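Here is how the chains run, residue by residue.
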Amino acid sequence: MAPGPRTSDTDLELLIDRLAERAIDLLTQPDRDRPLLDFADPGPLTDRFADTVPLTIPSFQEPAAPDALVEAIDTVITGSVCTNHPRFVNQNFAGADPVAVVGDWLGAALNTTGATYEMAPVFTLMERALLQRLAELAGLGRPGSDHPAGIFCPGGSIAAIHGLQLARHRRWPASIRTGETDDRPVILVSSAGHYSARKAAAVMGLGTEAVIEVATDRAGAMRPVALAAAVSRAIAEGRSPFVVVATAGTTVTAAFDPLEAVADICRRHDLWLHVDGCYGASALFSPRQRHRLAGVERADSLVWDLHKMMGMTQQCTALLVAEPDRLDACFADGADYLFQPDKANADMDAGDRTFVCGRRIDALKLWLTWKFRGDDGMAARVDHGVAMADHARSVIADRAELSTVVAGDFTNVCFTWLPPELRGADVAGDGLPAHDRDRLHRLAPAVKARMQAEGTAMIGYQPVDGLNVFRLIFMSPGVTAEDVDELIDLVVDYSEASWPTIG
Ligand SMILES: *Cc1c(COP(=O)(O)O)cnc(C)c1O
């Protein structure tokens, strides 16, 4: 049973028991008073392990004692970011659903690949059922269709490459064989869109210059007039636009591109409409929020990260395709050692509808969570995130020392603190003198560093129109209105303390 030459069953049992205890502890709501991270720089962090099990792997690694390993694991836990903590609002994910976590463990324990029905009979059926229902929520599903509506991918960026490759394949089918497209292909994405479009263009051999950024409005949503103009300009220059990446929920401000208007432009020019719903597609779970994606049923492809707003563990990404047969046409290679056409249920194999080979069983945790929570539970998670963001917006509006830069109306709020002499200034416009703007720009990283060092909270910051502003993102069901108040108080306290130190 034991894989190594020395591990006894008792050692193994002890290790499994202790680690399982700790993992289960992490699933329950963390203590609000405990720091969400015991932060250290790389040197001191490495040193913390010196007394138990060092981080480095020496040229000959002796088996470590299980007790020492368990102690080292405690150092791993305290030195890691507790993303379930109610004051963790740093990222487009937070508050993993405990049901998803145990689903992930079970999937790992069953360790298989989603490539073939032979290796994953139940998970193949589960994945199909989930894809079908997700596609129906987006208006892409064909009721009664026995062809899977897409494929689960290892993350949104990988799924984006799939979507863009499908688009290229539709326009230039021979490019799969020749690698050539004849023309100068162009991808259009808003200036607030995710960088994965540029990275995909680079790995696809199109080059990042193939990506044209389209202007957005102040909220961060693509302006259709600018899109139409960019398409016409590219065509006039002899280039070949072939796909528009519309973002449903931008990473920074959670803006939704107007999909109906974008789809109209795509139809006029025969462009593939790829919707990057990595962040915001989960709004489709909520009857109150799904209007934000009106028009998504006209997409050719849609990427949906369930590991963002829905609390699935990293990663859980669905790629949905309006004409799913295109996945086979575009990606199949027919490896005869794996996808033998003459074996039982060969038509169920998912592995040749993607360019990856082995695939984790990401469907299991979503299936388990959705069944456990029900549709209402899934919707409640989204609605709670928006409610907490609404609360944050109202608190910020009421406090003279705070000013929203992009308030948004979904889960994200971008704002800044202002010293007394600048209160009332039009921060979003040109209302700040250059020197003050520069000082404010340097405030956010200073506040962030203090917060990180003390482990009291974790909030993001990034430039919006060249000015660093704080970003709050709410999706964790564990965050209460009081947590929001405390978070904002912390930002104010740290800002007041840091401001005089910034010259
Ligand atoms: C997070 C994100 C991505 C990338 O998804 P990964 O799963 O992290 O690869 C793409 N687009 C948007 C809008 C995102 O927020």
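Preceding this paragraph is the structure being described.
Each value, and the rule that gives it
Residues numbered from 1 in each chain as written. Predicted model: local features only at pLDDT ≥ 70, side-chain atom pairs only at ≥ 80, totals over all residues. Heavy atoms only, no water. Helix = DSSP H or I, 4+ residues; strand = E, 2+ residues; numbered from the N terminus. Rg over C-alpha atoms; globule rule 2.2 N^0.38 Å. Buried < 20%, exposed > 50% of the residue type's maximum accessible area, 1.4 Å probe, protein only. Contact = heavy atoms within 4.5 Å. Areas by Shrake-Rupley, 256 points an atom, 1.4 Å probe, with all protein chains shown as cover. Lys, Arg positive; Asp, Glu negative; His and termini not counted. Charge placed at Lys NZ, Arg CZ, Asp CG, Glu CD. Polar contact = N/O pair within 3.5 Å; in protein donor to acceptor, adjacent residues only side chain to side chain. Near = heavy atom within 4 Å. Nonpolar A, V, L, I, M, F, W, Y, C, P; charged D, E, K, R; others polar. Axes fitted to C-alpha atoms, helices over the stretch in contact; angles between N-to-C directions. Parallel < 35°, antiparallel > 145°, perpendicular 65-115°, else oblique. Left-handed = near helix turned anticlockwise from the far one by under 90°.

A. Expanded view of the overall build of the chain. Helix and strand counts for the chain stand at 14 helices and 12 strands. Taken against the 2.2 N^0.38 rule, which gives 23 Å for 503 residues, the C-alpha radius of gyration of the chain at 25 Å falls within 12% of a compact globule. Dimensions of the chain, computed from the C-alpha atoms along their principal axes, are close to 70 × 70 × 45 Å. Across the 503 residues that make up the chain, the buried fraction comes to 51%. For the chain, the share of sequence-separated contacts (at least 6 apart) that also reach a separation of at least 24 residues comes to 71%. Carbon and sulfur atoms provide 54% of the accessible area of the chain, an area that totals close to 22,200 Å². Counting 46 positive and 68 negative side-chain charges, the chain places the centres of these two groups 5 Å from one another.

B. Here's a closer look at the side chain of Asp-383. Its location among the elements puts Asp-383 in helix α12 (residues 362-398). In terms of polar contacts, Asp-383 uses its side chain to reach the side chain of Ser-286, at 2.6 Å. Setting aside residues no more than four positions away along its own chain, Asp-383 makes contact with Ser-286, Arg-288 and Gln-289.

C. Structural detail: the site of the ligand. Around the ligand sit 14 residues, and of these Gly-156, Ser-157, Asp-276, Asp-305 and Lys-308 come closest. Here Gly-156 contributes a backbone N or O atom positioned 2.6 Å from an oxygen atom of the ligand. Here Lys-308 contributes a side-chain N or O atom positioned 2.9 Å from an oxygen atom of the ligand. Of the residues belonging to the shell around the ligand, the class tally is 2 nonpolar, 9 polar and 3 charged.

D. Representation of the environment of Val-464 in the model. Take Val-464: it is sitting in strand β11 (residues 458-464). Using a relative accessible area of 13% as the deciding quantity, one classes Val-464 as buried. In the structure, Val-464 is positioned 167 residues away from Glu-297 in sequence and 31 Å away in space, judged by C-alpha atoms.

E. Region of the structure containing the packing of helix α5 (residues 121-138) against α12. With their axes 9 Å apart at the nearest point, α5 and α12 run at an angle of 60 degrees to one another. Between α5 and α12, the interaxial angle falls into the category oblique. The hand of the α5/α12 crossing is left-handed. Contacts from Phe-123, Met-126, Glu-127, Leu-130, Arg-133, Leu-134 and Leu-137 of α5 reach α12 at Ala-363, Leu-364, Leu-366, Trp-367 and Trp-370. A per-class count over the contact of α5 with α12 returns 10 nonpolar, no polar and 2 charged.

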